[in-house]
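# Observations on the model geometry
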Amino acid sequence: MPVESNDRKISYRREIYWPILGAVFVVLVGLVIILLLQRRVQVSLVADWMFTTIVLLPTLLCAFAIYLGLLVTIVWVARMNRRIEQALQQGVNLSERANTRSANLSAAIDSMTIRLVSWFGITNKLLKLLEPEEMQDRKADNDE
């Protein structure tokens, strides 16, 4: 294991020890200020500090856990949304292909029907010749 350099040790001390010493200093200065104040104000400040440490900090920790849970849920929902979006896009593509095929088939059936009707249009004239005169008169009356 390599020996740490002096600069690393100094950096380590600066990053770890100074913040801890700063926090201890702030607490000590706060205690000195509290001791210099009147008795009623001292009790009020100590009560506020106790309420904060006993009630609000645990509540904040629980709220942070709930926040993390919600954050994980949001990430999971976003990931599921992407997966579902891909599946839905595949469904849309399949539907579009089916729509195109059915439109092409319908167009082919339409054109075949038109060709057949035009071919059988000649037989319509022949059928009129073969109808009895009574039927032709009734059709003429209905047309008027």
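Residues numbered from 1 in each chain as written. Predicted model: local features only at pLDDT ≥ 70, side-chain atom pairs only at ≥ 80, totals over all residues. Heavy atoms only, no water.

### As for the overall build of the chain
Basically, it comes down to this: Secondary structure elements follow DSSP: runs of H or I of four or more residues count as helices, runs of E of two or more count as strands, with numbering from the N terminus. Type-normalised accessible area, obtained with a 1.4 Å probe on protein chains alone, sets the label of each residue: buried when under 20%, exposed when over 50%, and partly exposed for intermediate values. For the accessible areas, the method is Shrake-Rupley and the probe is 1.4 Å, while residue cover comes only from the protein chains on display.
Scanning the chain for helices and strands turns up three helices and zero strands. The N-to-C order of helical and strand elements in the chain reads α-α-α. Burial status across the chain gives 1% buried among its 144 residues. Carbon and sulfur atoms provide 67% of the accessible area of the chain, an area that totals close to 13700 Å².

### Let's talk about a nonpolar patch on the surface
For clarity, the threshold we go by: In this analysis, a patch consists of residues with relative accessible area above 30% that form no salt bridge, clustered at 9 Å for like charges and at 5 Å for the nonpolar side chains Val, Leu, Ile, Met, Phe, Trp and Tyr. Any carboxyl oxygen of Asp or Glu that lies within 4 Å of a side-chain nitrogen of Lys or Arg is treated as forming a salt bridge with it.
Nonpolar side chains collect at one region of the surface, where Tyr-12, Ile-16, Tyr-17, Trp-18, Ile-20, Leu-21, Val-24, Val-27, Leu-28 and Leu-31 lie side by side and expose about 1000 Å² of accessible area between them. Looking at the element boundaries, Ile-20 is found in helix H1 (residues 6–36). Judged by relative accessible area, Ile-20 falls into the exposed class, the value being 51%.

### A closer look at H1
Rules: Each helix should span, by expectation, one fewer than its residue count multiplied by 1.5 Å. Two axes define the bend at a residue: one fitted to the seven residues ending there, one fitted to the seven starting there, and the bend is the angle between them.
An ideal rise of 1.5 Å per residue puts 45 Å on 31 residues; H1 measures up with 43 Å between its terminal C-alpha atoms. Tyr-17 marks the point of greatest bend in H1, at about 30°, and the proline Pro-19 comes within the next four residues.

### Some thoughts on the confidence of the model for the chain
So the rule is basically this: The pLDDT value tells you how sure the predictor is about a given residue, anywhere from 0 up to 100.
Per-residue pLDDT for the chain averages 83, and the proportion of residues at 70 or more is 88%. Confidence, expressed as mean pLDDT per element, reaches its minimum in the chain at helix H3 (residues 133–143) with 65 and its maximum at helix H2 (residues 39–130) with 87.

### So, the environment of Thr-52
The condition is simple: Side-chain atoms alone can form a polar contact between residues adjacent in sequence; in general such a contact is a pair of N or O atoms within 3.5 Å, and within protein one must be able to donate a hydrogen while the other accepts it.
Within the element layout of this structure, Thr-52 appears in helix H2. A polar side-chain atom of Thr-52 sits 2.9 Å from the main-chain carbonyl oxygen of Asp-48.

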